[in-house]
Amino acid sequence: MSAERVVFVHGSGEFGAAAWPRQHGLSLEFDCLYLRRHGFSAVEEPSPTDHVRDQAIIAEALGAGGHVVAHSQGAVPAMMLAVERPDLVRTLTLIEPACLSLTVGLPATAAHIALMAPLFDDRELMSDEEFLQTFVRRVFAADAPAPATTDARRDAARLRLQAPPWEAPLSIVPGVPTLVLTGGWEPLYEEVAEYLAGTGAVHRIAPGGHRPHDTVQGDAHIRAFLRSASEEAAA
């Protein structure tokens, strides 16, 4: 029997296989594809967020169907596809999902929007570096290093083009088995996870900041969920 397909959808930072260093070993058990979302390229100029294009990229990678593992903003098109094509998406693993359109009326999300919306409103008046510095300062309470390389400058330009996640056209939750993995560090993501848990998702916490899948514990949660789903399908 051929291995089941697992499609990995990155967030707003690294893309492709580079975004999933601890999950490379899953290729020994599954047919893994590490995607590059629309507008993410090492050579081409960045493009604005396009959820429809991202959905098409994920759907094409799934082929006849499989599992989707998505991080941060990558969780938005992953969930949108699962809503529209539950026949393709067997399970969802959502890591620190930025699915804020689902929780706009909840306290942590509302506070985040109040903090970040003015920045997105003013981004056309800002340079890429100014937007990067302000974004990182508001989200992580830290200072971002100045983009000193071509890749870093491209990353900063891409960040400024990303759509605010609370404006995504996602308002319902798909009815597929779902694991939500968070780092336990930020009330915003815990709020989204608790909302999804209330709809039937399994929520696990692995301390590791915004990238809990880079930890041994987080990776173990992902592997256990995929293996369990695969075994149930084979039974």
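Structure shown above.
Below, the structure is looked at part by part. (Residues numbered from 1 in each chain as written. Predicted model: local features only at pLDDT ≥ 70, side-chain atom pairs only at ≥ 80, totals over all residues. Heavy atoms only, no water.)

### Thoughts on helix α3 (residues 107-121)
We count it as follows: A run of H or I in DSSP counts as a helix once it spans at least four residues, and a run of E counts as a strand once it spans at least two, with each numbered from the N terminus. Helix span, as expected, comes to 1.5 Å for every residue beyond the first. Categorising residues by exposure relies on relative accessible area from a 1.4 Å probe, with only protein chains included: less than 20% of the type maximum marks a residue as buried, more than 50% marks it as exposed, and the intermediate range marks it as partly exposed. Contacts are assigned to residue pairs with any non-hydrogen atoms lying within 4.5 Å of each other.
With 15 residues, α3 extends 21 Å between its outermost C-alpha atoms, agreeing within 8% with the 21 Å of an ideal straight helix rising 1.5 Å per residue. Residues of α3 that are buried: Thr109, His112, Ile113, Met116, Ala117, Leu119 and Phe120. Those residues of α3 that are buried are in contact with α4 (128-140) and α6 (187-197).

### Observations concerning the sheet that holds strand β2 (residues 31-34)
For the record, the criterion: Strands are treated as partners if at least two bridges between them are detected by DSSP. For helices, the fitted line uses only the C-alpha atoms of the stretch in contact; every axis is such a line through C-alpha atoms, and the angle between N-to-C directions lies from 0 to 180 degrees.
Read across the sheet, 6 strands follow the order β2-β1-β3-β4-β5-β6 without closing on themselves; strand pairing throughout is parallel. Each of the sheet's edge strands pairs with one partner strand only, and the pair in question is β2 and β6 (202-205). Neighbouring strand axes in the sheet, compared pairwise and without regard to direction, differ in orientation by 15 degrees on average. Alignment of strand β4 (residues 89-95) against strand β5 (residues 178-182), held across 4 bridges, turns out to be parallel. Of the residues in β5, the one forming a bridge with Leu92 is Thr178. Sheet contacts for helix α2 (residues 75-84): β3 (66-71) and β4; angle to β4, the most-contacted strand, approximately 155 degrees.

### Quick look at α4
Look at α4: 18 Å from first C-alpha to last across 13 residues, which is about the 18 Å you get at 1.5 Å a residue. Those residues of α4 that fall on the buried side of the exposure criterion are Phe131, Leu132, Gln133, Thr134, Phe135, Val136 and Val139. Following α4 by one or two positions, Ala141 has its phi on the positive side, about 55 degrees.

### Re the side chain of His67
The cut-off we apply is this: Counting of polar contacts relies on pairs of N or O atoms within 3.5 Å, with two restrictions inside protein: one atom must be capable of donating a hydrogen and the other of accepting it, and residues adjacent in sequence are counted only when both atoms are side-chain atoms.
Checked against the element boundaries, His67 lands in strand β3. Of the polar contacts made by the side chain of His67, one reaches the side chain of Glu4; its length is 3.2 Å. Engagement of the side chain of His67 in a polar contact is seen with the side chain of Thr91, the distance being 2.7 Å.

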